[in-house]
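A look at the structure
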Amino acid sequence: MVPDIFHRDFTPTPYWWEAYGPTTGELVDLPRVARVAIVGGGYAGLSVALELAKHGIDAVVLEANELGFGASTRNGGAVSGGVNIGKSFTGRTADVEPERAERLLSDASDAFALIDRLINEENIDCFWEKPGRFVGAWTKKHFDVQTRRLAVLNSASQSGAYMVPRGRQREEIASDYYFGGMVVERSGKLHPALYYKGLLEACRRRGVAVCAKALVTGIRRAGAEWRVEATRGTVLAGDVVIATNGYTGGLTPGLRRRVVPVASHIIATEEVPQDLVRSLIPKGRTLSDTKRVLCYYRTSPDGRRIVFGGRARFTQVDPTVSAPILHRYMTDRFPQLRGAKITHAWTGNVAFTLDALPHMGQRDGLHYCLGCNGSGVAMMTYLGWQTARKIAVAANYACSFDTEEFPDHPLYSGNPWFLPVVGGYYRLRDNLDRLVG
Ligand SMILES: Cc1cc2nc3c(=O)[nH]c(=O)nc-3n(C[C@H](O)[C@H](O)[C@H](O)COP(=O)(O)OP(=O)(O)OC[C@H]3O[C@@H](n4cnc5c(N)ncnc54)[C@H](O)[C@@H]3O)c2cc1C
């Protein structure tokens, strides 16, 4: 029987939307001409526009839905200064030369510096804090793998990472669920929807046209320019940037077959005593783990709730389906929260790539920044910023995420029918891993 976990005020919308919810705002008309047209109005799209504006280049952001509809107001708000260079979505190990791996880590570290700077420069009030992250090891073997990664993490991305053995784990988390884990000091957390709102306001202050309800339906060459057709009008642009991440559709089939949209789900508990919350995560760090079906969690900015996310299912399901699963995952880690009811449950799409790396570049003449692989608050902001600097010819070095290789697979054309199978397999592998240690 499903326990009664739903609070009487339960709503299937993000907790974050209580502070800022996606809105069309005053519907801004589409300009007929813009130097750059950006498809997708999440962190990546806004970041492109903001940086272009700083270089005096006018851009229009075309968003299919309300502003903030995508993952950018739905995520967990954990901000990483790293990038996962390891197993790809298909299970293959990404073939990354050690030298390139160091450059990728170094650029990921710059992404963290960028978001820190941006929040300060634009005075974005989004509960930005840098308490660090604890990544719990699901098995002893995972702990050993984490230990081996420490040196490169600290040298290439100044992560301030160190291992916490199982015997001292309770300094990080009031649970014995893990076999110890890794602390990454250089990571942070924020209120994702307020960060989004701050970026949006920064764009508006600079006169950027950010257009809601402008689904782009076609992009065609028109001489030296691009004709960008949207439901509310047509824009002639010199450059086009695709920033649609986990919502990439048939508009760009060549990109669609290079990203796999995977659902991620989150719940927020009702308010519980602050002392309890503080006792569960004493240092206020963000938490995640090394499981294939990983979970990520944190305290709410007011310290009254636990916000708990994970891949309850790999596809979009109704929040009333994902919430009981996440509640169970949460109480497996924190039995102390058994009585806590759920007030919010929601879902959103992330974009995985076949080599597990984020990508920016140009394809068929269109710029793109895509493939957050589940961690994109800093990274997608950064790729947007790098793309803008490339267009403005202001970048003084080539970003390591900007390569011509963006792998696809002959059997994948953009329909991720296999996700439920992958999800089941990952759950099985997690259980087996724990059994064999
Ligand atoms: C539940 C969840 C939890 C997450 N937790 C974290 C976390 O804790 N830390 C972290 O770093 N990352 C996290 N992420 C990932 C992070 O949210 C994303 O990487 C990031 O928001 C992606 O930003 P974006 O601008 O690339 O895409 P999005 O914010 O998804 O925006 C893409 C936009 O493109 C629009 N679009 C698509 N097609 C068209 C079209 N044809 N015309 C016009 N517009 C179009 C969509 O409507 C959408 O709004 C999480 C994601 C989810 C879903």
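This text gives an overview of the structure that appears in the document. This is a predicted model, so every value here is computed, not measured.

Under the criterion given, the structure shown has 16 aromatic pairs. With a centroid separation of 5.8 Å and an interplanar angle of 65 degrees, the aromatic rings of F69 and Y247 are classed as edge-to-face. Note that F69 is positioned in the loop between β3 (59-62) and β4 (78-79) and Y247 in the loop between β12 (233-242) and α5 (253-256), a separation of 178 residues in sequence. Overall, Y247 belongs to the partly exposed group, its relative accessible area being 34%. Centroid distance Y297 to F334: 5.8 Å. Interplanar angle 90 degrees. Geometry classified as edge-to-face. You can see Y297 sitting in strand β15 (residues 295-299) and its partner F334 sitting in the loop between α7 (319-333) and β17 (342-353), a full 37 residues away along the chain. Note on Y297: relative accessible area 2%, which makes it buried. Ring pairing ties together the aromatic residues Y20, Y43, Y195 and Y196, which thus form one cluster. The ring of F69 is capped by R74, whose NZ or CZ atom sits 5.1 Å from the centre of that ring.

Let us look at the packing of helix α1 (residues 43-54) against helix α8 (residues 377-391). For the pair α1 and α8, the least separation of the axes is 7 Å and the interaxial angle reads 35 degrees. As for the relative orientation of α1 and α8, their crossing is right-handed in sense. The residues of α8 that touch α1, namely those facing Y43, A44, S47, V48, E51 and L52, are V377, M380, T381, G384, W385, T387, A388, R389 and I391. In terms of residue class, the contact of α1 with α8 is built from 9 nonpolar, 4 polar and 2 charged.

For the ligand, the set of nearby residues contains 38 residues, the closest of which are E63, S72, A78, G376 and V377. Within the backbone of G70, one N or O atom sits 3.3 Å away from an oxygen atom of the ligand. V377 is positioned with one of its backbone polar atoms (N or O) 2.9 Å from an oxygen atom of the ligand. A total of 1000 Å² of accessible area belongs to the ligand in isolation, and the protein chains cover 96% of it. Looking at the shell around the ligand, the elements that each hand over two or more residues are α1, β13 (259-269), β17 and α8.

The rules behind each value
Residues numbered from 1 in each chain as written. Predicted model: local features only at pLDDT ≥ 70, side-chain atom pairs only at ≥ 80, totals over all residues. Heavy atoms only, no water. Phe/Tyr/Trp six-rings, centres within 6.5 Å; stacked < 30°, edge-to-face > 60°. Helix = DSSP H or I, 4+ residues; strand = E, 2+ residues; numbered from the N terminus. Buried < 20%, exposed > 50% of the residue type's maximum accessible area, 1.4 Å probe, protein only. Lys NZ or Arg CZ within 6 Å of the ring centre and 35° of its normal. Axes fitted to C-alpha atoms, helices over the stretch in contact; angles between N-to-C directions. Left-handed = near helix turned anticlockwise from the far one by under 90°. Contact = heavy atoms within 4.5 Å. Nonpolar A, V, L, I, M, F, W, Y, C, P; charged D, E, K, R; others polar. Near = heavy atom within 4 Å. Polar contact = N/O pair within 3.5 Å; in protein donor to acceptor, adjacent residues only side chain to side chain. Areas by Shrake-Rupley, 256 points an atom, 1.4 Å probe, with all protein chains shown as cover.

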